[in-house]
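# A closer look at the structure
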Amino acid sequence: MSKTTVDSLRDQIYRAKQPKVDRFEFNSQVVSVFPDMIRRSIPGYDTIIHLSGVLAAQYLTPGSRCYDLGCSLGATTASVLDSIGEMPVNIESVDASGPMIEEASNRITDSRVHFQQADIRKVSFRPASVVILNFVLQFLPPEDRFTLLNTVRNTMNPDGLLIISEKVEFTEEFDEIHTEFKRSNSYSDLEIAQKRQALERVMQIDSEHTHLNRLYEAGFRRPRRWFQCLNWVSFIANA
């Protein structure tokens with residue numbers, strides 16, 4: 001296994017006042033600062049990524065398959081690789097962003113990983129023991145979320161594991177603390193406000209209740225929360 005680590009730049013995309021705040025996109029500008037951006041924006045991020053790999057390793061066996069859907073730069077893929085050692089598995093890492101996939105494939109070179117630029121709603125899924133959706137559903141149209149999960153469920157191996165991490169609707173108190181978290185990571189109020197505006201039409205979040213009910217309706221068993229830090233929550237469910 002060969003992995004390449006590339007340092008990211010400091011996220012300063014929204015540092016200057018913008019006359020017009022464009023819709024947020026996972027373009028080359030975001031890719032160049034993404035690791036810094038996501039760690040300064042998502043409380044508990046490193047724990048979620050590390051434990052996603054640990055959880056996946058409990059369900060993967062030699063020759064089995066894992067999907068990392070919405071893989072971005074492959075952080076979760078790398079975590080799975082770290083957790084399974086030299087086990088021969090197939091990891092399908094998919095993202096709609098060309099710049100993300102290009103950079104991810106530069107960062108991780110391992111014959112067990114296949115990076116694919118594609119809309120995850122159009123992937124032809126094959127039987128898998130693990131499917132991971134970390135911070136992905138929130139960027140899909142709400143009406144498409146059930147269909148994707150139902151398709152994933154119907155193609156997973158019996159007793160396979162689904163891992164989902166999302167920002168969820170929670171109390172105003174947690175929203176305020178999350179804002180303070182970003183301030184504590186050196187984001188200015190202008191940066192916070194402009195990024196929030198950029199995400200308004202792109203990122204639509206659900207309540208925890210909605211997530212759990214949708215998993216039940218899609219056919220998953222025992223959907224449950226395994227991690228929460230403020231308004232960021234991770235779930236697992238069995239196929």
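See above for the structure.
These lines cover the structure that appears in this document, whether it is placed above or below. Starting from 1, residues in each chain are numbered consecutively following that chain's sequence as written. It should be noted that, the model being predicted, local features are given only for residues of pLDDT at least 70 and side-chain atom pairs only at 80 or more, the latter also being counted only at that level, while totals for whole chains, interfaces and linings use all residues. The side-chain figures draw on all heavy atoms in the structure; neither hydrogens nor water molecules are used.

Attention now moves to the pairing of strand β6 (residues 128-134). For every residue, the accessible area (1.4 Å probe, protein chains only) is compared with the maximum for its type, and the residue is labelled buried under 20%, exposed over 50%, or partly exposed between those bounds. Secondary structure elements follow DSSP: runs of H or I of four or more residues count as helices, runs of E of two or more count as strands, with numbering from the N terminus. The element β6 is extensively covered by neighbouring structure, given that 7 of its 7 residues are classed as buried. When DSSP finds two or more bridges between a pair of strands, those strands are recorded as paired. As defined by bridge partners, strand β2 (residues 65-69) adjoins β6 across 3 bridges and the pair is classed as parallel. Pairing of Asp68 across the sheet is with Ile132, part of β6. Here β6 runs beside strand β7 (residues 156-169); their pairing, made up of 6 bridges, is parallel. The residue of β7 that forms the bridge with Asn134 is Ser165. By convention, orient the strands away from the viewer: a clockwise path from the first strand over the helix to the second makes the crossover right-handed. Running through helix α5 (residues 142-155), the crossover from β6 to the neighbouring parallel element β7 is right-handed.

Here the focus is unusual backbone geometry. Phi is positive for Ser72, close to 50 degrees, though the residue is something other than glycine. If you trace the backbone, Ser72 turns up in the loop between β2 and α3 (75-84). For Ser72, a relative accessible area of 14% puts it in the buried group. Its identity as a non-glycine residue notwithstanding, Arg222 has a phi of 50 degrees, on the positive side. Relative to the assigned elements, Arg222 resides in strand β9 (residues 221-229).

Sheet faces and side chains relate simply in a regular strand, where the side chains alternate between the two faces. Within β2, 5 of the 5 residues are buried, which leaves the element mostly enclosed by the surrounding structure. Across the two faces of β2 the burial is the same, with Arg65, Tyr67 and Leu69 and Cys66 and Asp68 all buried. Where β2 lies against strand β3 (residues 90-95), 5 bridges are found, and the strand directions are parallel. Across the sheet, residue Cys66 finds its bridge partner in β3, namely Ile91. With respect to chirality, the unit in which β2 leads through α3 into the neighbouring parallel β3 is right-handed.

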